[in-house]
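Listed below, chain by chain, are the residues.
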Amino acid sequence: MKAITQDRYGTADVLAVSDIPDPVPADDEVLVRVRAASLNGSDRENLAGRPFYARLGGLRRPRSPVPGSDVAGVVAAAGASVTDFAPGDEVFGELVGYRGGLAEYVATPPRLLARKPPDLSFTDAAAIPQAGCIALRSTRGLRPGDRVLVNGAGGAGGAFVIGLAEHHGAVVTAVDRADKAEHLLHAGADHTVAFEEEDWADHRARYDRVVDLVAHRSPHRVHRALRPGGAYLVVGGYTRVLVATLLAGPPIRWTTGKRVGVLAVPQSRADLEEVTALVTGGAVVPAVDRVYRLDEAPAAFARLAAGDNQGKIVFEIP
């Protein structure tokens, strides 16, 4: 089968289109004929091997050479012990280990897959899993009128966070490059901040929740942007910032009453089905930036690495 392979960490130049053996599903796996796959910020990190936690799947090189975690496709075969799905079922979801999706076929345990709604295209379905589940968890508990800031909102997952926050009735400020302002407003943001021109961390006591998708500021600084009782949630960013946030969270809460922490987003079929119901119900729309072929992978990853994408980059695999 055709697949994108990565034999070392680096830039998009390390990617190649390769012919590799078709995967054979184990008794507890399904074989999925991939119709579409999307990229996330984690794919950018897994390509570069930075931050350091991106090397948990291989210290010197990726143990699984095929990148890509979010897929949509058709079950081609099912292992003897699989009861959830049968050949011909249309499915989508995340892959265990966050790799293997940029290929014509992938073998995976079915526990993270869900049935694709018939009125949802493979392209839109592939755009949902990781970004949608992050958005679902990061916006839970919001109330009408809450003021929410989303940092890194113009990338792969920001539009989902904006859309779900708006669905909850929040007033949303989206932060990214100035040239992404129109995209952010289209996604549902009420206000935009261009990070080249203004530092949102200087906003004092303005937000009930900050969702930081690209954290690089000290938690001792950013919590000042929160209103009393507010929450700062780190989803991704520099390793040192994630560690600092974990350590600083308890004392900040004790002294200020504000919640500062790293948002845990475990892979979950239940979360995927919940956010997909919001998509099919019209509460939020997947933002697809561009669609690529497998042989265009270097260009797609280069666009992701440069931060030029406005929404999800999706591969269609005919």
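Values in this document were obtained by computation on a predicted structure and should not be read as measured data.

Asks: Can you tell me about the pattern of salt bridges, naming the residues and giving the values?
Replies: For the structure on display, the rule yields 20 salt bridges. With a closest N to O distance of 3.8 Å, K312 and D70 form a salt bridge. Of the two residues, K312 is situated in strand β15 (residues 312–316) and D70 in strand β4 (residues 70–78); the sequence distance between them amounts to 242 residues. Summarising the burial analysis for this pair, K312 and D70 share the class buried. The network of salt bridges with common partners includes R137, R140, D271 and E274.

Asks: An account of unusual backbone geometry is requested, with residue identities and associated values reported.
Replies: In this model, Y98 sits at a positive phi of 60°, which is unusual for a non-glycine residue. If you trace the backbone, Y98 turns up in the loop between β5 (90–94) and β6 (105–108). We note that A205 has phi near 50°; this positive angle belongs to a residue other than glycine. Position of A205 among the secondary structure elements: in the loop between β10 (191–194) and β11 (207–212). For A205, a relative accessible area of 43% puts it in the partly exposed group.

Asks: I'd like a rundown of helix α3 (residues 129–139), residues and numbers included.
Replies: Burial runs high along α3: ten of the eleven residues are buried. Those residues of α3 lying buried are P129, Q130, A131, G132, C133, I134, A135, L136, S138 and T139. Looking one or two residues past α3, G141 carries a phi angle of roughly 85°, positive in sign.

Asks: Lay out the UniProt feature "domain: Enoyl reductase (ER)" (unreviewed entry) in the protein in plain terms, naming residues and giving numbers.
Replies: In the numbering adopted here, UniProt assigns the feature "domain: Enoyl reductase (ER)" (unreviewed entry) to residues 10–315. Secondary structure content for residues 10–315 is 28% helix and 25% strand, and the end C-alpha separation is 21 Å.

Asks: Give me the domain arrangement of the protein: which residues, what numbers.
Replies: In terms of domains, the protein is made up of domain 1 (2–116 + 287–316) and domain 2 (131–262). Using C-alpha coordinates to define each centre, domain 1 is positioned 28 Å away from domain 2. Contact with domain 1, which involves 15 residues of that partner, is made by 14 residues of domain 2. Between domain 1 and domain 2 the total buried area reaches about 1,000 Å² when both faces are included, carbon and sulfur atoms providing 48% of it. Joining domain 1 to domain 2, the criterion identifies one salt bridge. The partner of R177 in a salt bridge is D308, with the nearest N and O atoms 3.0 Å apart. For the pair domain 1 and domain 2, the interface holds five residue pairs in polar contact (both at pLDDT 80 or more). By residue class, the composition of the side of domain 1 that touches domain 2 is six nonpolar, six polar and three charged.

How each quantity is defined
- Residues numbered from 1 in each chain as written.
- Predicted model: local features only at pLDDT ≥ 70, side-chain atom pairs only at ≥ 80, totals over all residues.
- Heavy atoms only, no water.
- Salt bridge = Lys/Arg side-chain N within 4 Å of Asp/Glu carboxyl O.
- Helix = DSSP H or I, 4+ residues; strand = E, 2+ residues; numbered from the N terminus.
- Buried < 20%, exposed > 50% of the residue type's maximum accessible area, 1.4 Å probe, protein only.
- UniProt positions renumbered as here; feature names shortened; annotations may be inferred.
- Domains from an automatic or database assignment.
- Contact = heavy atoms within 4.5 Å.
- Buried area = accessible area lost by both parts, 1.4 Å probe.
- Polar contact = N/O pair within 3.5 Å; in protein donor to acceptor, adjacent residues only side chain to side chain.
- Nonpolar A, V, L, I, M, F, W, Y, C, P; charged D, E, K, R; others polar.

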